[in-house]
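Here's the letter readout for the chains.
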Amino acid sequence: MTPSDVSTALSAQGYLPDDGISTSVFLAMTLERPLLLEGEAGVGKTELAKALSAATGGELIRLQCYEGIDVAQAVYDWDYSRQLLHLRAAEATGESTSMTSDALEAELYGERFMIKRALLRSIETIDGPPPVLLIDEVDRADDEFEAYLLEILSDFQVTVPEVGVFRAERPPLVVLTSNRTRDVHDALKRRCLYHWVEHPDFEREVAIVKLRVPGVEDGLARQVAAAVEALRGLNLYKPPGVAETIDWASALGRLGATQLDEELVANTLGSVLKYREDHQRVDQHGVAAVVKQAFEKGLLHG
Ligand SMILES: Nc1ncnc2c1ncn2[C@@H]1O[C@H](COP(=O)(O)OP(=O)(O)O)[C@@H](O)[C@H]1O
Ligand SMILES: [Mg+2]
């Protein structure tokens, strides 16, 4: 396997990586290290993990982080209602009277009454390719949880006091993402390979639009990509991501547009910019200037 094989495999799944991404993924796979992807919203971090799972055939196991996420949500929990049912049934059949309370408790806290969450599932032994563990938006979780993640990612092992130790025979392929609302701790970073994901460059974004918006005209795809690039240069509160470029091109396609003009841009800007302040910023800069840039760049490379 080479970085270029990775690129081919991801492209086949509809994800067009740049060399930096292919190389990071290649290294993460060959060195069996978690890959931490940071970057602005909408640059393709989450999608990369999905494409990776599709490409390797490993199950995608996703852990969406949020404030207050804890072990019961991320690793395992006990299925209380099933434990209770089992207990009642044991009482009803008289089975419980023939058991010591320790034995009964051991039965209730056995593996069959566990609810296995993402992190535990990702280290269970399975046939076939290792799963892709996506730990999404890790910057939303709090410090303690991050410390816990570090532990799991160091030895791919979980101890459940009542049951025993779960250990991955082969580690999962781990992708962590962060939108950088806060810094991920150094200790966790040290454990991972790191890649800062940029917005795609112009040609790659054109290619992504053509791939994701079937039937879009080449000229329109180029103009939209160029216009989005111009918008990203305006120091907006929320610069448009690739998803917005795709949405915009689809919207314009639906309207039957084959090229941009001022009126069209003004009327459809809501598929790209979702904050009033950003709309005001574009108005100040002038929609005409954005369209002009879109035309120049769209033609230049055409
Ligand atoms: N390199 C790429 N190739 C194909 N599609 C992409 C690429 N990067 C982003 N996308 C598209 O952009 C959308 C947003 O990407 P996403 O992974 O959700 O962003 P992030 O997780 O970085 O916020 C995806 O659903 C996908 O359609
Ligand atoms: Mg994401």
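Details of the structure are given in the entry above.
On a predicted model such as this, the values are computed, not experimentally measured, just so you know. (Residues numbered from 1 in each chain as written. Chains lettered and ligands numbered in written order. Predicted model: local features only at pLDDT ≥ 70, side-chain atom pairs only at ≥ 80, totals over all residues. Heavy atoms only, no water.)

Lining the immediate surroundings of ligand 1 are 17 residues, of which Leu16, Gly42, Lys45, Thr46 and Glu47 lie closest. Residue lysine 45 places a side-chain N or O atom 2.7 Å away from an oxygen atom belonging to ligand 1. At 3.5 Å from a nitrogen atom of ligand 1 is found a side-chain nitrogen or oxygen belonging to arginine 204. Bound to the protein, ligand 1 loses 85% of the 560 Å² it would expose on its own. Among the secondary structure elements, those contributing two or more residues to the shell around ligand 1 are α3 (45-56), α10 (202-212) and α12 (242-254). Split into classes, the residues belonging to the shell around ligand 1 amount to eight nonpolar, four polar and five charged. Looking at the shell around ligand 1, you find at least three residues from each of domain 1 (3-68 + 118-196) and domain 3 (202-300). (Near = heavy atom within 4 Å. Polar contact = N/O pair within 3.5 Å; in protein donor to acceptor, adjacent residues only side chain to side chain. Areas by Shrake-Rupley, 256 points an atom, 1.4 Å probe, with all protein chains shown as cover. Helix = DSSP H or I, 4+ residues; strand = E, 2+ residues; numbered from the N terminus. Nonpolar A, V, L, I, M, F, W, Y, C, P; charged D, E, K, R; others polar. Domains from an automatic or database assignment.)

Throughout the structure, instances matching the rule amount to three aromatic pairs. Judged by centre distance (6.0 Å) and plane angle (85°), the ring pair of tyrosine 76 and tryptophan 78 falls under edge-to-face. There is no split in this pair, since tyrosine 76 and tryptophan 78 are both buried. Measuring from ring centre to ring centre gives 4.8 Å for tryptophan 78 and tyrosine 109, while their planes differ by 80°; the resulting arrangement is edge-to-face. Separated by 31 residues along the polypeptide, tryptophan 78 in strand β3 (residues 76-78) and tyrosine 109 in the loop between α6 (101-108) and β4 (114-116) bring together distant segments of the chain. One aromatic cluster is present, built from ring pairs that chain together Tyr76, Trp78 and Tyr109. (Phe/Tyr/Trp six-rings, centres within 6.5 Å; stacked < 30°, edge-to-face > 60°. Buried < 20%, exposed > 50% of the residue type's maximum accessible area, 1.4 Å probe, protein only.)

In space, the five strands of this open sheet follow the order β2-β5-β8-β1-β9, with parallel pairing throughout. One side of each edge strand has no neighbouring strand; the edge strands of this open sheet are β2 (60-64) and β9 (193-196). Put simply, the sheet's adjacent strands are angled 20° from each other on average, direction ignored. Of the pairings in the sheet, the one linking strand β1 (residues 35-38) to strand β8 (residues 173-178) comprises four bridges and is parallel in character. The residue of β8 that forms the bridge with leucine 36 is leucine 176. Against the sheet, helix α2 (residues 19-31) contacts β1, β8 and β9, and its axis sits at roughly 165° relative to β9. (Pairing = 2+ DSSP bridges. Axes fitted to C-alpha atoms, helices over the stretch in contact; angles between N-to-C directions. Contact = heavy atoms within 4.5 Å.)

Let us look at the environment of alanine 89. Checked against the element boundaries, alanine 89 lands in helix α5 (residues 80-92). With 123 residues separating them along the chain, alanine 89 and arginine 212 place their C-alpha atoms 54 Å apart.

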